Amino acid sequence: MQTKFILLGLSLLLCAASGEAFGLSAGYSRVDITPGYGTEIPGYFVHRYVKGVRDPLSVVTLAFSDGVRTAVVQQVDTSTLTPAAAEILLSRVAKSTGL
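Residues numbered from 1 in each chain as written. Predicted model: local features only at pLDDT ≥ 70, side-chain atom pairs only at ≥ 80, totals over all residues. Heavy atoms only, no water.

J.: In this structure, what is going on with the sheet that holds strand β4 (residues 58-65)? I would like to understand it.
T.: To summarise the sheet geometry, strands pair through backbone hydrogen bonds and adopt either a parallel or an antiparallel arrangement. Pairing is antiparallel across the open sheet formed by three strands, whose spatial order is β1-β4-β5. Taken across any chain shown, the strands that pair with only one partner, and hence form the sheet edges, are β1 (25-32) and β5 (70-76). Across the sheet, the mean angle separating the axes of adjacent strands is 10 degrees when strand polarity is ignored. Here seven bridges tie β4 to β5, and the two strands are oriented antiparallel to one another. (Pairing = 2+ DSSP bridges. Helix = DSSP H or I, 4+ residues; strand = E, 2+ residues; numbered from the N terminus. Axes fitted to C-alpha atoms, helices over the stretch in contact; angles between N-to-C directions.)

Structure, rendered in C-alpha cells:
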C-alpha cells in the first residue's frame, strides 16, 4: 500500500510539473493524527488507553486545481467515521478553505 502511495505521489508531481503550462496544479499533504499517550481507545468493552504506538495514524490529502475548479481527495486513518462527524469535518474544511 505504501508503494502505491509513493508511486501515486510521484505521478502527481510529474503531472503537476508538466501541467503548469496548462494551468494545472496539484498539492499533497500528510498530517500525523496519532493519539498521544494516555488517550482513551474507543471501541472496547473496558476502558483502554494508549500505552504505545505500533503504527502511526495520519490524514493524507491530495488537491488538484485547474484555476477554476478544485478537487480534494482525503484519506483518514480511522476505524469509524459517523455521518454526523463527516458533516462536521466537511463544513470545517469548506469554511476554512472556501471549497
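Moving on from the model shown.
J.: Would you take a moment to explain the layout of surface pockets for this structure?
T.: Where empty space is left becomes clear once a probe the size of a water molecule has been rolled over the atoms. Roughly 680 Å³ of volume is contained in the largest pocket. Along the wall of the largest pocket there are 20 residues; nearest its centre are Pro 35, Ile 41, Pro 42, Val 50 and Leu 57. Of the residues that constitute the lining of the largest pocket, the class distribution is nine nonpolar, seven polar and four charged. Here the second largest pocket is characterised by a volume of approximately 310 Å³. Surrounding the second largest pocket, Val 59, Val 72, Gln 74, Val 76, Thr 78, Leu 81, Ala 86, Leu 89, Leu 90, Arg 92, Val 93 and Leu 99 form its lining. If you list the elements that add at least two residues to the lining of the second largest pocket, you get β5 and α2 (83-97). Per-element tally for the lining of the second largest pocket: the top contributor is α2, with five residues. Considering only residue class, the lining of the second largest pocket consists of nine nonpolar, two polar and one charged. (1 Å grid on protein atoms, 1.4 Å probe; cavity = no way out; pocket = protein on both sides within 12 Å on 5 of 7 lines; lining within 4 Å. Points joined across faces, edges and corners; volume = space filled by probe spheres on them. Nonpolar A, V, L, I, M, F, W, Y, C, P; charged D, E, K, R; others polar.)

J.: Looking at this model, I keep getting lost on the side chain of Ser 65. Mind explaining?
T.: Along the polypeptide, Ser 65 turns up in strand β4. Under the relative-accessibility criterion, Ser 65 is labelled buried at 19%. One polar contact links Ser 65 to Thr 70, side chain to side chain, over a distance of 3.4 Å. Ignoring anything within four residues of it in the chain, the contact list for Ser 65 reads Gly 23, Leu 24, Ser 25 and Thr 70. (Buried < 20%, exposed > 50% of the residue type's maximum accessible area, 1.4 Å probe, protein only. Polar contact = N/O pair within 3.5 Å; in protein donor to acceptor, adjacent residues only side chain to side chain. Contact = heavy atoms within 4.5 Å.)

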